[in-house]
Amino acid sequence: MDLQSKLEVLTSAAKYDVACTSSGVDRAAKDGSLGDAQSCGICHSFSADGRCIALLKVLMTNECIYDCQYCVNRASNETTRTTFTPQELAELTIEFYRRNFIEGLFLSSGVIKSPDYAMERMCQAISILRDEYRFRGYIHAKAIPGASTESIDRLGLLADRISVNIELPSQEGLKKLAPDKHKTSILGPMSHIRDGISQNKSDLVRYRRAPKFAPAGQSTQMIIGATPDSDFQILRLTSSLYQTYQLKRVFFSAYVPVSDSALLPQTNAVPFLREHRLYQADWLLRFYQFDVDEIINEEEPFLDPYLDPKCNWAMNHLDQFPLEVNKAEYEMLLRVPGIGVEGAKRIVRARRTQKLGFDHLKKLRIVLKRAQYFITCSGSFEADTPFARANIYEKLTTNANKQRGFREVMQAQNASQQLTLFDSSIYLPSREDVQKSLTGQL
């Protein structure tokens, strides 16, 4: 197979992996080297300075000895198989970089022969980039569950970020759908990477020129909807992963049907909206000082599809609102729908010199479309509805066409696109269809 054909197969096979993110490293350019990793990120994302940047997202091989039912590259699937040599992949990356197509590499792989053999091939490719081509751009690599600590150590010294996909939220789901993988083979590498990063920070304090180990940290990915796990279970696990393994990000990937296995949901009604709500809840955990039990509970284990989690929390705690923006603590401002981290900081700074009104909040870029129902300015409540749960809920969830189901939503997006935030033709499904989808009945 020629190189172009290999590239087409292995980039297509990598599209289901979403565990990639902005770099978190700040490695500048250097004479005699190629590229840098300053404010880099993933394709079609934006860096901190507003740039849209790209990575070459590809597999080393789509050959795999594992037979995970949810994976398009599983051993039992009849598909075209191919493998890059380390030299081929390194040369492709450099040629794409020289043509200004990419700024870095996201590299994963099927498990060919064994986890350590697959990791060795990945390390060889990255080593060629770093040592022969002196490439200083951002590299995100996937550690393979079951690989030895020696392989992980080598990968950590070559890549900026490492991810180990936990894949399914529960041990039961993993045993059912990926019998070749075990919880310990996933959590073990996570622990080793965490400890390696911690030790490396200590080494860098004592030895300024010590090599850096995964300087952008580690992340993971979970597939949502392939098993009956609830949002409550998923978010509890997410919070535990952040606390235990110091992850930078947990990514959620709505299950896309790639198999006719009886063990998997046989539906095209992929709940991308559920994925979206989980990302919003994850944001509250990481930046807004929320605990899981404040966002969701075991009695109502699925996130409300009609309200984002922050609005839902506010609706359930109306006794703490309306909040006076000129007096409220910063921590409470963070809990007002429509007020983000930067918005809360701007409010705290601005009210030191003047009393704030709604006109001031507009200038501070506060999203009054939501915030107006939960705040007052100098005692004035200016929302266009009485301060009552039913009225506010109706205003927040009004959508003339919300009875359209998930099937129609997916058809509107050709069933292959992620839910867009900017397409006015996309409507919320009915509550009945949402509940059926979450329980696998649709």
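Just above, that's the structure.
Quick summary incoming for the structure in this document. (Residues numbered from 1 in each chain as written. Predicted model: local features only at pLDDT ≥ 70, side-chain atom pairs only at ≥ 80, totals over all residues. Heavy atoms only, no water.)

**Some details on a positive patch on the surface**
Defined as follows: Distance thresholds for patches are 9 Å for like charges and 5 Å for nonpolar side chains (Val, Leu, Ile, Met, Phe, Trp, Tyr), applied to residues having over 30% relative accessible area and no salt bridge. In this description, accessible areas are obtained by the Shrake-Rupley approach with a 1.4 Å probe, and a residue is regarded as covered only by the protein chains that are shown. Each salt bridge in this description consists of a side-chain nitrogen of Lys or Arg and a carboxyl oxygen of Asp or Glu lying within 4 Å of one another. In summary, the charge assignment counts Lys and Arg as positive and Asp and Glu as negative, without counting His or the chain termini. For this purpose, a charge sits on NZ of Lys, CZ of Arg, CG of Asp or CD of Glu. Counting from the N terminus, the helices are DSSP H or I runs at least four residues long and the strands are E runs at least two residues long.
Taken together, the side chains of Lys30, Arg134, Arg208 and Arg209 present a region of like positive charge at the surface. In this fold, Arg134 is placed in the loop between helix H3 (115–132) and strand S5 (138–142).

**Here we look at helix H7 (residues 231–245)**
The cut-off we apply is this: Under the convention used throughout, the expected extent of a helix is 1.5 Å for every residue step, that is, one less than its residue count. Throughout, exposure labels follow a simple rule: accessible area from a 1.4 Å probe, protein chains only, divided by the maximum for the residue type, with under 20% read as buried, over 50% as exposed, and the rest as partly exposed. In this analysis, two residues are considered to be in contact whenever any of their non-hydrogen atoms come within 4.5 Å of each other.
Under the 1.5 Å per step criterion, the end-to-end length of H7 is 21 Å for 15 residues, consistent within 8% with the ideal 21 Å. Listed as buried for H7 are Asp231, Phe232, Ile234, Leu235, Thr238, Ser239, Leu241, Tyr242 and Tyr245. The inward-facing, buried residues of H7 abut helix H6 (183–206), strand S7 (218–224), strand S8 (249–254), helix H8 (272–287) and helix H9 (292–295). Just beyond H7, the residue with positive phi is Gln246, at close to 50 degrees.

**Considering the environment of Thr184**
By the element assignment, Thr184 lies in helix H6. On the basis of relative accessibility, which here comes to 64%, the residue Thr184 falls in the exposed class.

**Regarding the pairing of S7**
Heads up, the condition is: Strand pairing is assigned whenever DSSP identifies at least 2 bridges connecting the two strands. Here the term right-handed applies to a crossover when the path leading from its first strand over the helix to its second strand runs clockwise, the strands being oriented away from the viewer.
Extensive coverage of S7 is indicated by the burial of seven of its seven residues. As judged from the two bridges shared by strand S6 (residues 161–163) and S7, these two strands associate in the parallel manner. Bridged to Ser163 within S7 is Ser219. Both S7 and S8 contribute to a ladder of six bridges, which runs parallel. The residue bridging Ile223 from the neighbouring strand is Ser253, located in S8. Read as a crossover between parallel neighbours, the route from S7 over H7 to S8 is right-handed.

**A look at the packing of aromatic side chains**
Condition: Centres within 6.5 Å are what make two rings of Phe, Tyr or Trp a pair, Trp counting through its six-membered ring; a difference in plane orientation under 30 degrees is then read as stacked, over 60 as edge-to-face, and the rest as tilted. To sit over a ring, a charge needs its Lys NZ or Arg CZ within 6 Å of the ring centre and within 35 degrees of the ring normal.
Per the counting criterion, the structure on display carries eight aromatic pairs. Each ring, one from Phe321 and one from Phe374, has its centre 5.4 Å from the other, and the planes form 70 degrees; the classification is edge-to-face. Of this pair, Phe321 sits in the loop between helix H10 (309–315) and strand S9 (323–324) while Phe374 is found in the loop between helix H14 (368–371) and strand S10 (375–376), placing the two residues 53 residues apart along the sequence. Centroid distance Phe381 to Phe387: 5.8 Å. Interplanar angle 85 degrees. Geometry classified as edge-to-face. Take Phe381: its relative accessible area is 27%, and that puts it in the partly exposed class. For Phe387, a relative accessible area of 32% corresponds to the partly exposed category. Here a set of aromatic residues connected by ring pairs shows up, and it is made of Phe290, Trp313, Phe321 and Phe374. The side chain of Arg249 reaches across the aromatic face of Phe251, ending 4.5 Å from its centre. Between the NZ or CZ atom of Arg335 and the centre of the ring of Phe290, over which it lies, the distance is 4.0 Å.

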